[in-house]
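The lines below spell out each chain.
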Amino acid sequence: MSTDDLRALYQEVILTHSREPDGRGIVDGWTGRAREVNPLCGDEIDLAVTVEGDVIRSITWEGHGCAISQASASLLTGLLEGATVSDARDRVERFRTALRSRGEIELDEEHFGDAVALGGVSRYVARVKCAMLAWVVLENALATS
Amino acid sequence: MSTPDLTTHLIAPGLTEAEVLTFRRDFPILGETVGGHPLAYLDSAATSQKPRAVLDAERDFLERRNSAVHRGAHTLAAEATEEFEEARATVAAFVGADPGEIVWTSNATEGINLVAYALSNAAYGDGDPALAIAPGDELVVTELEHHANLIPWQQLARRTGAVLRHLPVDDEGALRLDLIGDVITDRTRVVAVSHVSNVIGIVNPIAELVAAAHAVGAIVVLDACQSAPHIPLDVRALDVDIAVFSGHKMLGPTGVGVLYGKRALLERLPPFLTGGSMITTVTLERAEFLPPPQRFEAGTQRVSQAIGLAAAVRYLDAIGMPRIAAHDRRLGRRLVEGLAAVSGVRVLGSATAERVGLAGFDLAGVHPHDLGQFLDDRGIAIRVGHHCAQPLHRRLGLTASSRASTALYTTDDEVERFLIAVADAAGFFGVRP
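Residues numbered from 1 in each chain as written. Chains lettered and ligands numbered in written order. Predicted model: local features only at pLDDT ≥ 70, side-chain atom pairs only at ≥ 80, totals over all residues.

> A description of unusual backbone geometry should follow, citing residues and the corresponding values.
Residues and elements named next belong to chain B. The amide bond that connects Pro-292 to the next residue, Pro-293, takes the cis arrangement and shows omega of 0°. Locating Pro-293 in the fold gives a position in the loop between strand E12 (287-289) and helix H10 (303-319). Phi angles above zero are rare outside glycine, and Asp-239 is one such case at about 60°. Assessed through the 17 C-beta atoms surrounding it within 10 Å, Asp-239 is described here as partly exposed. In the Ramachandran plot, His-387 falls in the positive-phi region, its phi being about 50° despite a non-glycine side chain. Residue placement: His-387 occurs in the loop between strand E16 (383-385) and helix H13 (390-395). Judged by local crowding, His-387 falls into the buried class, with 23 C-beta atoms found within 10 Å. (Helix = DSSP H or I, 4+ residues; strand = E, 2+ residues; numbered from the N terminus. Buried ≥ 20, exposed ≤ 12 C-beta atoms within 10 Å, placed from the backbone.)

Spelled out as C-alpha cells, the structure:
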C-alpha cells in the first residue's frame, strides 16, 4: 500500500469530521437509543434518535474510537437527519453492502453525500467494523423507537 | 529497579549487527515486503516469528516419525514417544525444572485455567482436599494482568465463593508493593502475577510477592509469557509454585504451551481435563489417575508442536538467553528514549525500570488503530488496542494503546524506521502544532 492508498482511506473529509464531529452529545427527548462496543478495540458508540411520525428528527451520539468510527458517526448524523425511517434503513443496508464488497461497490453521492468518503474503507477488511459501528447502532436505536 | 533473577545476565554482551543479520536469514518471513516496503515486524510480543529450525523439526517429525505417543508397540510409536519426552526434558532444562514438572498445554491461557479448575475440583475428593477453595478464601491478582491471568480467577471465585482481590498499580503501572501487607492475608490461597507486563514491558519485582504469599501458605502462579522469550527464566530461583508460558511467543509453534508446577504441588493437584492417556485403571464407575505430568495431559497430545517448541528452545539456547536479554533490553531502551522525544507521546511505564524490548505508548490525538494503519502503510507491524488488559488501561486513563516489541531478530534500523514513522503520523493526522 502506498501513501496514496492511505490518503484514499483517510480522506480530508474523514480527518475533519473525526476532529470536529457533528451530533456529539446526546440530547434529551429521544425516542430510541442503543449502544455498541467493538470488542476488538473497545471503540464505543451510544446513539439516540428522535423519530416523529416516520421521520428521523435528530440523531445524537457519544463515544470514542478511531478516526474512521468517529467520522462515520458524524457523517451519518448529517446524512440521515430528516430522512424517513424506511429510507434510513434502506441506506444503512446499502452502506453495509458497499463496505463489505472489498472495493467492488462504490457509494453513490446521491444517496450518501460526503459519506462517500467512507467507501475507501471497504478495501480494508479489518476496518469495516470501525466504519459500520455507528450505522449498526442507528439500526438498533430505530428498532427501539 | 533490577530484581535478583536479572543480575546474572546484566553483564552479558548483546548481539552484534552482523549476528542479528545472520539470524534473520533463519526466519524466511522477515524477507517479506508489505505494500512494497520491507517488513519491520515489531509485534513479537503478540507472536514471534519462527526460524527454519522450528519449521523443519515439525516437518521432519511429521514426514518421518509421526505416530501416537504413549501407546502402541510399533517402532514409530516408540520413536515418537521418545522424541516427545525429550522435548519435555529440553523445555524443563530451559527453565531450570525437572521433566516431571512440565505439563504440555495448548497455550498459557489453558495452563492458568488448568490450575483454576483443578483447584475447584479439589473440593470433590480428587487430589488433596486441603487444596479446595472455600467461601471466604481469597484469590489475589494484580491490576496489570492480561485477561488470561484475571478471568480464570474471577470465575474460580464465582464457582467457590472465594473473594477476588487485587494488588493495585501506581500511575505509571508499577505494582504497589507497599500494599502487599493489606492485600495478601491469612485468607489468601492464590497469588497470580505476570512476570513482565504485556502492555508496558516492565519486569515486575516479584520476589516480595512470592515471599508474602509463601508466608501465608498461598500458591504463586506466574504468567511468564512475556519473560520466557526475553530473559533467562529460572523457576527454582523465582520459587514460584506454577509458571505458564506459550510456545508461539518464543519462536515455537502455535497450539503448544507449557505449565511448570513444583512436583509436590502437581502431585496434590487433581486433574482438569479427563479422558484417555491420564489414567491407570478404569471401571464403569470410576478411574484412577496417573501421576503428573500425564495426569494433566488427557487425550491426544500436540506432538509435532512440542517437538517444534523444543527446537525453538535449542535455537534460543544456542545464542544464549543472557545475550538475547541484553539485545532486547538495549532496543527497549532505544524505543523508550526515541518515543519520549516525539511530541505528544506518552510512554507507558517507568523509563528507568527494568524493561524487555517492549514499549507501550499513547500518541495524543491519534487513536492507536489509526496509528497502526499509518505504520502498516510503511510495512511496520505493531500491536494496537487494549492488549487483553482492559483494567490496566482504565487505570492508566486509556481505552487503548500502541505497542512495539522486539525479538532477537529485530534490528536497530527497524526501530529507527518505526520512530520516524510515529513522528510522521502526528503530522499526517494533523495533531502536530
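> Give me the lowdown on the nonpolar core, citing residues and values where you can.
Within the largest apolar cluster, 171 residues are counted, with the highest numbers of intra-cluster contacts made by Leu47(A), Ala134(A), Leu138(A), Val191(B) and Ile242(B). Setting aside residues no more than four positions away along its own chain, Ile242(B) makes contact with Val115(B), Ile219(B), Val221(B), Leu222(B), Leu259(B), Tyr260(B) and Gly261(B). (Core = buried A, V, L, I, M, F, W, Y, C linked by C-beta atoms within 7 Å. Contact = placed C-beta atoms within 7 Å.)

> Give a detailed account of the interface of chain B and chain A, specifying residues and quantitative values.
Each partner contributes to the interface: chain B provides 13 residues, whereas chain A provides 14 residues. Here the element with the most residues in the side of chain B that touches chain A is helix H12 (residues 368-376) of chain B; it accounts for 3 residues. Grouping the constituent residues of the side of chain B that touches chain A by class yields 3 nonpolar, 8 polar and 2 charged. (Nonpolar A, V, L, I, M, F, W, Y, C, P; charged D, E, K, R; others polar.)

> Now, about the UniProt feature "domain: NIF system FeS cluster assembly NifU N-terminal" (unreviewed entry) in chain A: what can you tell me, with residues and values included?
UniProt's entry tags residues 10-130 of chain A with the feature "domain: NIF system FeS cluster assembly NifU N-terminal" (unreviewed entry), counted in the numbering of this structure. A helix fraction of 36% and a strand fraction of 21% characterise residues 10-130 of chain A, whose end C-alpha atoms lie 13 Å from each other. (UniProt positions renumbered as here; feature names shortened; annotations may be inferred.)

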